[in-house]
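# Breakdown of the fold
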Amino acid sequence: MRNKKSWKNRLFALVLCALALLFAGCGQARGPAGRPGLDPQPFTPPQGALLPKTGLQSLLCIGIGYDGQGRSLVSSLQLLVLDERAEKLAIYSVPIETKAVFWRYEGETLREVREEVRLAYSAADAAGRGEGNVLEAVSQILLGAPIDHYIVMNAVQLEGINEILGDVPLDVDADFAAAYGLGEGLQPLGQRLAEYASFTPRDADGSPYPGTDERRLGRHRGMALRFLQALASSGRGEEGAGEILHAARTSMRAEELLAFARGALAASGVSEPETGRIPGEDRRSGPESEYLPDDVALRDLVLSLFFEEPAQGSAEYSDEK
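Structural notes, computed from the coordinates. Here the structure is a predicted model, which is why all the values come from computation and not from measurement.

If you check helix α9 (residues 254–270), its first and last C-alpha atoms are 25 Å apart, about what 17 residues at 1.5 Å a residue would give, namely 24 Å. Turning to α9, its buried residues number three or more, namely A254, L257, L258, F260, A261, G263, A264, A267 and S268.

Structure (structure tokens):
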């Protein structure tokens, strides 16, 4: 039997090998006939290095806004990963300025484009595949990480869900409080909810103030968490979840949404949720920007969220010569 340090060194080498294989295998592939779409290659770590976590669920919250031409643009992407076995919840923002390859439908023509993920919904909306296009694009950004469910809503639907949940108290930061003459801290916002979600102070040239984008994303993560907590603790059970499903578009059934909300509430009661935006750098030129993920840090994050070391004593863990 080798010593534990030797096993750890071997595991580290295998993980590096897994990451190399991952990037080599993350090419684009067409989906089955009749369902065009990107199909990122799944993670395939070497035997014995890492295993997919069990009892894991992932949910992508997709916010939709509109431009001056009435196009539906993605305004917010929040990925929630619930590890029920470990009682842990992670909420990560995917900046909408991140570029991805996705499908664009132009009449009878279908082509792949590489553009900001905020455009992925409108690129396939006419074909009825807006949600799927966004889901596949975000999965590609996350190196093929599996996303089980989505929920999509615009500002009106968001306000409807807030009303169903009884006007959820949200954390008002100093910027928003000063702009709207409010106090700071937890409070229901009623009809100011849409402004709360979209608020971004800007300079005269249209550039956001330094750091305000991250604070906006922080508000979005907080909204996702508090809305789920409110649903789980509302006492209305599947009836409340069913009303939310009527107000928004989602791949979940009422019982699945309620179970996810209750799991999120339980996990956030055990430990503070892991939150942030996917690692990377915001490159700005005046009002224009692009978010560039940090490849190495992003690989580490995705592996930590979706994979784990084999349990000691399992066949995969064995160190016998």
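So that's the structure; there's more coming.
Judged by pairing direction, the sheet is mixed, and its six strands sit side by side in the order β10-β7-β2-β3-β4-β11 without closing on themselves. The strands lining the two open edges of the sheet, one partner per strand, are β10 (249–250) and β11 (274–277). Of the pairings in the sheet, the one linking strand β2 (residues 56–66) to strand β3 (residues 72–83) comprises eleven bridges and is antiparallel in character. When the sheet's bridge partners are listed, L56 is paired in β3 with D83.

Attention now goes to the side chain of S58. Counting through the fold element by element, S58 comes out in strand β2. In terms of polar contacts, S58 uses its side chain to reach the backbone carbonyl oxygen of P146, at 3.1 Å. Setting aside residues no more than four positions away along its own chain, S58 makes contact with L79, L80, V81, P146, I147, D148, H149, F260 and F306.

Before going further, it helps to spend a moment on the packing of aromatic side chains. Within this structure, the stated rule accounts for four aromatic pairs. Seen in terms of ring centroids, Y180 and F199 are 6.0 Å apart; in terms of plane orientation they differ by 70 degrees. Their pairing is edge-to-face. With Y180 in helix α5 (residues 174–180) and F199 in the loop between α6 (193–198) and α7 (212–233), the pair connects residues that are 19 residues apart, well separated along the chain. Residue classification places F199 among the buried positions, given a relative accessible area of 15%. Members of the aromatic cluster, joined through ring pairs, are F176, Y180, Y196 and F199. Sitting above the plane of the Y196 ring, R219 keeps its charged end 5.6 Å from the centroid.

The rules behind each value
- Residues numbered from 1 in each chain as written.
- Predicted model: local features only at pLDDT ≥ 70, side-chain atom pairs only at ≥ 80, totals over all residues.
- Heavy atoms only, no water.
- Helix = DSSP H or I, 4+ residues; strand = E, 2+ residues; numbered from the N terminus.
- Expected span 1.5 Å × (residues − 1).
- Buried < 20%, exposed > 50% of the residue type's maximum accessible area, 1.4 Å probe, protein only.
- Pairing = 2+ DSSP bridges.
- Polar contact = N/O pair within 3.5 Å; in protein donor to acceptor, adjacent residues only side chain to side chain.
- Contact = heavy atoms within 4.5 Å.
- Phe/Tyr/Trp six-rings, centres within 6.5 Å; stacked < 30°, edge-to-face > 60°.
- Lys NZ or Arg CZ within 6 Å of the ring centre and 35° of its normal.

Note that all results are geometric; they support no functional claim without further evidence.
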